[in-house]
Amino acid sequence: MKISNKSVIHKRLKCFVNYIATEKEKLDEIKEKADEVRDCIESQAKKDGYTILSSPYSGSFASKTGLRRSLRGNDEVEGQDVDIAFVLKDSDKNGKPLGCLIKTFEGYLDNRWPSSDTGHTKSSATIKFSGAKQQYDAVPLIETNRKNIQKLIRLQGKDRQSSVVKHKEFMKSRTETSDKIDGVVRFNECVRLMKWWRYQQQSESSIFGNGEDDKKIPSFLMNLLCAHAYDKLGVKETYAGTLAEWFGLLHHVIHQKSDVVFDDFSKKHSISQEATWRVIDPVDDSNNIVQNWSRTMVAELSDWLSQSRDRMIEAIRHDCEGNDQKSLDCLVQLFGNSISNQCKEI
């Protein structure tokens, strides 16, 4: 779908891409707090006889796909968590194999910052500092005898294979190849747009939601769906053209319940068929991200994508006809009021 990079819709989406990213002026502050979290956990772990081999950034902060926080109007975006992976030697100083350390890490954070909001997820210890917008997630990973492969022991006791290096490479490699395609559209910025879009769709859904106890579309799933769309279609000269095609492709994939599998790190896969739909972690064939999804949940996401494809095509048509307001109205349906508030006067 050919759209001019001089068009109003492209300029608006380019403006919006810059707006939804984590504010550049906040990055130094975020990194300083992350360093404090690292120091807290590393020093306490050492006292307790654990050996931390490395503590890199992971998740959206590492892949530059995180979002700013926005909780105004119909925008319900919590903003990115800052994930820090702590890769540990597989036994303590006495040679005892390590188990789940999530609660241990939570205790370290709570003792260091008793007035802050500490807690945990299934995979990490968490902390929100008073007055700060970001949540910091400390993820304990245990080394294995395979290079760059770690074991994550979740709170329920279930093991997951993981790899900080490979997950980061999975996203970064696509951003780097998108840089070589003519135009300004980059893979990681499209991921940001799709994640923001996900929040907007959840806010109006009866199946998913943005509340604390609501079912949500995981960010990791959005990463994998975007990667699949990119592998099939690449990026176009404009964000509008790219997303219109991505919406259409992903609707078809999900409507057909087609497997989403990647060959980045393995050409041969062993995938269980016992699920409504399968989206497979590129470093762990046993991890189907949508293993527990019902047919209703799959249908809901498929419907969002179908409707959003039509809405983006409508926005492009209005733009081509010179009706900038109607084009903007369509973009608001996709991304919420903030695109109008921030990028209307383009």
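Refer to the structure presented above.
This write-up is about the structure you can find in this document. (Residues numbered from 1 in each chain as written. Predicted model: local features only at pLDDT ≥ 70, side-chain atom pairs only at ≥ 80, totals over all residues. Heavy atoms only, no water.)

1. Re the overall build of the protein
Counting its secondary structure elements, the protein contains eleven helices and ten strands. A compact globule built from 346 residues should have a C-alpha radius of gyration of about 20 Å, and the protein, at 21 Å, falls within 12% of that. Along the three orthogonal principal directions, the C-alpha set of the protein runs to about 70 × 45 × 40 Å. By residue count, 52% of the 346 residues in the protein fall in the buried class. Look at the contacts in the protein between residues 6 or more apart in sequence, and 63% of them connect residues 24 or more apart. For the protein, the exposed area adds up to about 16500 Å²; of that, 43% sits on carbon and sulfur atoms. The average position of the 53 basic charges and that of the 51 acidic charges among the side chains of the protein differ by 3 Å. (Helix = DSSP H or I, 4+ residues; strand = E, 2+ residues; numbered from the N terminus. Rg over C-alpha atoms; globule rule 2.2 N^0.38 Å. Buried < 20%, exposed > 50% of the residue type's maximum accessible area, 1.4 Å probe, protein only. Contact = heavy atoms within 4.5 Å. Areas by Shrake-Rupley, 256 points an atom, 1.4 Å probe, with all protein chains shown as cover. Lys, Arg positive; Asp, Glu negative; His and termini not counted. Charge placed at Lys NZ, Arg CZ, Asp CG, Glu CD.)

2. Things to note about a positive patch on the surface
On the surface, a cluster of positive charge is contributed by K31, K64, K168 and K172. Take K168: it is sitting in helix α5 (residues 164-179). (Patch = residues over 30% accessible without salt bridge, like charges linked within 9 Å, V, L, I, M, F, W, Y side chains within 5 Å. Salt bridge = Lys/Arg side-chain N within 4 Å of Asp/Glu carboxyl O.)

3. Things to note about the pairing of strand β3 (residues 81-88)
Burial runs high along β3: seven of the eight residues are buried. In this structure, strand β1 (residues 52-54) lies alongside β3, joined through two bridges in antiparallel fashion. Residue I52 lies in a different strand from β3, and its bridge partner there is L88. Alignment of strand β2 (residues 57-58) against β3, held across two bridges, turns out to be antiparallel. From the neighbouring strand, S58 faces β3, where its bridge partner is D83. Relative to strand β6 (residues 135-143), β3 runs parallel, the two being bridged by eight bridges. Looking across to β6, one finds that V87 is bridged to L141. (Pairing = 2+ DSSP bridges.)

4. Considering the state of the cysteines
By definition, a disulfide links two cysteine residues through a covalent bond between their sulfur atoms. Counted by the stated rule, this structure contains one disulfide. Covalent S-S linkage joins C15 and C343, the inter-sulfur distance amounting to 2.3 Å. Classification of the bridge connecting C15 and C343 rests on its S-S torsion, roughly -80 degrees, and on that basis the disulfide is left-handed. Linking C15 in helix α1 (residues 8-20) with C343 in helix α11 (residues 338-343), this pair joins segments that are 328 residues apart in sequence. By relative accessible area, which is 22% here, C15 ends up partly exposed. Its sulfur unpaired, C40 is 17 Å from the next cysteine sulfur, which belongs to C100. Of the residues examined, C40 reaches a relative accessible area of 6% and is grouped as buried. The cysteine C330 is free of any disulfide, with C320 supplying the nearest cysteine sulfur at 12 Å. What makes C330 buried here is its relative accessible area of 2%. (Disulfide = S-S within 2.5 Å.)

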